[in-house]
Amino acid sequence: MRLTWIDRIGEWNPQLLREVKGRLKGRNVAIALIISLVGQFLLFFSWSGDHPRRHLSELDIQLWWQDHYRDMFISLSLVVFFALLVIGSYMLIANLGHEERRGTLNFIRLSPQSTAQFWLGKLLGVPILLYLAIAIAVPFHLWSGLSGKIPLAEIISFWVILIASSGFFFSAALLFGLFGSWFSGFQAWLGSGAVFTFLVMANVKPINNSSFDWLSLFSPSVLFPYIVDKTNSHYTGFPFNLGKIQAWQFFNLPLGMMGFSIVVLALLNYGLWTYWIGQAFNRQFRNPGTTLLSKRHSYLFTACWITFTLGFALQHPSSRYSPQFPDNFYIVLGLNLVLFLGLIAALSPQRQALQDWARYRHQNRSTVKSSLMADLLWGEKSPALLAIAMNCMIVALPLIGWILLESVDIDMKLQAFASLILSLSMMLIYSAIAQLMLLMKTPKRGIWATGILVAAIVLPPTLLSVLSIVPGTNWGGLWLFTAFPWDYVMRHASVGLVLQAFLIQVIILGGLNWQLRRQLRLAGESATKALLAGRLPLSN
């Protein structure tokens, strides 16, 4: 019977069979079972040490035990999802790094199995011992929940969200694992540490009607208040104080009023971003030299991003003027900085691709000149600057609509508009810098581009702060040339100063663009000469 199941697994997914056969050894299974059982006993006895006082009435004792079992359920849920997401991410990243160092990953790339089979085989197979340990805890989890009068539907909802979150975080871990050679053997600790930090941030922040509320949608603990409410008790903030989650809104819709709407939007959120991670993983797995996203996909990705950030920023103002608008607008611009840094990394082609594209343009200038704009917008190997500009437009249009429709005075509207324009123009400058760095001949171009870009973002505000040059003081206008110009614009900048700053940014961008065109022309000409030189001996 065991051989039959193994054969069926192998026919369905060879990668899963490979992972299962390497891990389901008797000793490994026994260790997983022991760790799970010991952990459950420790959790149970830690909660059973505090007994109710004897003078309580029978009804009070029953309520005490109900709350006791409910808190036990919440504690076990917390341990399960942190252990699953953090340890599982570590295992997947470490496994893919091990495959890369042994050279078996390239062999798998050449095998006939699809990327989806490889992805699913890794997701199901690598953490299989972790799945086994958690599966042993399901009866205890179910018993404590039902004993705490938690409806079965709520318990199932938690597991559905946990499975969806695992798909998201594990897919991200696999994508990160493809870049394992950059971090040597440290990438597994770095990736799992990032997952842990992200989960902590998503859990400790309260709901405050801003775009940061989006983070809470990535944690299964967002269901805890609704689970507790179903037991006719009030959520007291254990284990996380999520604030007034019932006031949570999405495009002014009362998202937090029902747990069902949270489950639906969370599943949509997980599914959407897992899809985009899968697109990037498929491209990188089959062709490590290509960009993470195609330009066509990047426009849709940006539209999805701005939909969620703007959706959580919108709220019902408590009066005619919304005092929360500036803060929400700052947060949206800050999240857009994260978006564009990711787009710059995902869309900027490497030197060889740019060289091939430049040679193609150089050799066929007369026939393809009319299609240059289309190639820059949609081409796989063309520079990313125009595509980044298109993504800036996709971000700018809904934000401009928000500015125009928001119930704030005209001065604040102008300040918000100026902040948007200056921040997006800085994103174009960073994109041009990164693309120039990727044209360098050094073999560590990616590291150089990352280092220079991080320095360009971090060093200017750091130096200005160290020198006590803050917005509103002498030389405070230098903040307009950092990645964070909005505080100065919204509080201190005049119209004339903003126009001057924008003109200087345009001049800087024009200079960088001219240098990029020059480097591409030289790369195309040198590649063509090298190609012709290589053919001359054959013609003779």
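These numbers come from a predicted model, not from an experiment.

Caption draft 1: Representation of the overall build of the protein. Scanning the protein for helices and strands turns up 22 helices and zero strands. Here the protein holds 540 residues, and the buried ones make up 49% of them. Once local pairs closer than 6 in sequence are excluded, the contacts in the protein between residues at least 24 apart make up 76%.

Caption draft 2: Region of the structure containing the packing of helix H6 (residues 115–125) against helix H12 (residues 259–286). The contact between H6 and H12 brings their axes to 10 Å, and the two run at 110 degrees. Classified by the angle their axes make, H6 and H12 are roughly perpendicular. Residue-level contacts link Thr115, Phe118 and Trp119 of H6 to Phe281, Asn282, Phe285 and Arg286 of H12. Residue classes in the contact of H6 with H12 are distributed as four nonpolar, two polar and one charged.

Caption draft 3: Just empty space enclosed by the protein, in detail. Within the structure shown, the criterion is met by two cavities of 30 Å³ or more. Taken as a whole, the largest cavity holds about 50 Å³ of empty space. Lining the largest cavity are Arg70, Asp71, Ile74, Val228, His234, Tyr235, Thr236 and Phe238. Counting residues per element, the lining of the largest cavity draws most heavily on helix H4 (residues 58–102), which supplies three residues. Classifying every residue of the lining of the largest cavity gives four nonpolar, two polar and two charged. Taken as a whole, the second largest cavity spans an internal volume of roughly 40 Å³.

Caption draft 4: Examining the nonpolar core more closely. In terms of nonpolar packing, the biggest core is built from 133 residues, with Trp248, Trp273, Phe312, Phe340, Ile388 and Trp402 touching the most fellow members. Residue contributions to this core peak at 15 residues, all from H4. Listed in part, the eleven residues of the second largest apolar core include Trp479, Val489, Val498 and Ala501.

Caption draft 5: How the structure looks around the packing of aromatic side chains. Summed over the entire model, instances satisfying the criterion amount to 39 aromatic pairs. Each ring, one from Phe44 and one from Phe45, has its centre 5.5 Å from the other, and the planes form 75 degrees; the classification is edge-to-face. Here Phe45 falls in the exposed class, since its relative accessible area comes to 55%. Plain terms: the ring middles of Phe325 and Phe329 are 5.6 Å apart, the flat faces sit at 35 degrees to each other, and that makes the pair tilted. Of this pair, Phe325 and Phe329 both sit in helix H14 (residues 325–347), four residues apart, which is roughly one turn of that helix. On the basis of relative accessibility, which here comes to 0%, the residue Phe329 falls in the buried class.

Caption draft 6: Focus on a nonpolar patch on the surface. The grouping of Leu142, Leu146, Leu152, Ile156, Val160 and Leu267 at the surface amounts to a nonpolar patch, some 460 Å² of accessible area in total. The set of elements that each furnish at least two residues to the nonpolar patch consists of helix H7 (128–147) and helix H8 (152–177). Per-element tally for the nonpolar patch: the top contributor is H8, with three residues. Relative to the helices and strands, Leu146 is located in helix H7.

What counts and how
Residues numbered from 1 in each chain as written. Predicted model: local features only at pLDDT ≥ 70, side-chain atom pairs only at ≥ 80, totals over all residues. Heavy atoms only, no water. Helix = DSSP H or I, 4+ residues; strand = E, 2+ residues; numbered from the N terminus. Buried < 20%, exposed > 50% of the residue type's maximum accessible area, 1.4 Å probe, protein only. Contact = heavy atoms within 4.5 Å. Axes fitted to C-alpha atoms, helices over the stretch in contact; angles between N-to-C directions. Parallel < 35°, antiparallel > 145°, perpendicular 65-115°, else oblique. Nonpolar A, V, L, I, M, F, W, Y, C, P; charged D, E, K, R; others polar. 1 Å grid on protein atoms, 1.4 Å probe; cavity = no way out; pocket = protein on both sides within 12 Å on 5 of 7 lines; lining within 4 Å. Points joined across faces, edges and corners; volume = space filled by probe spheres on them. Core = buried A, V, L, I, M, F, W, Y, C linked by side-chain atoms within 4.5 Å. Phe/Tyr/Trp six-rings, centres within 6.5 Å; stacked < 30°, edge-to-face > 60°. Patch = residues over 30% accessible without salt bridge, like charges linked within 9 Å, V, L, I, M, F, W, Y side chains within 5 Å. Areas by Shrake-Rupley, 256 points an atom, 1.4 Å probe, with all protein chains shown as cover. Salt bridge = Lys/Arg side-chain N within 4 Å of Asp/Glu carboxyl O.

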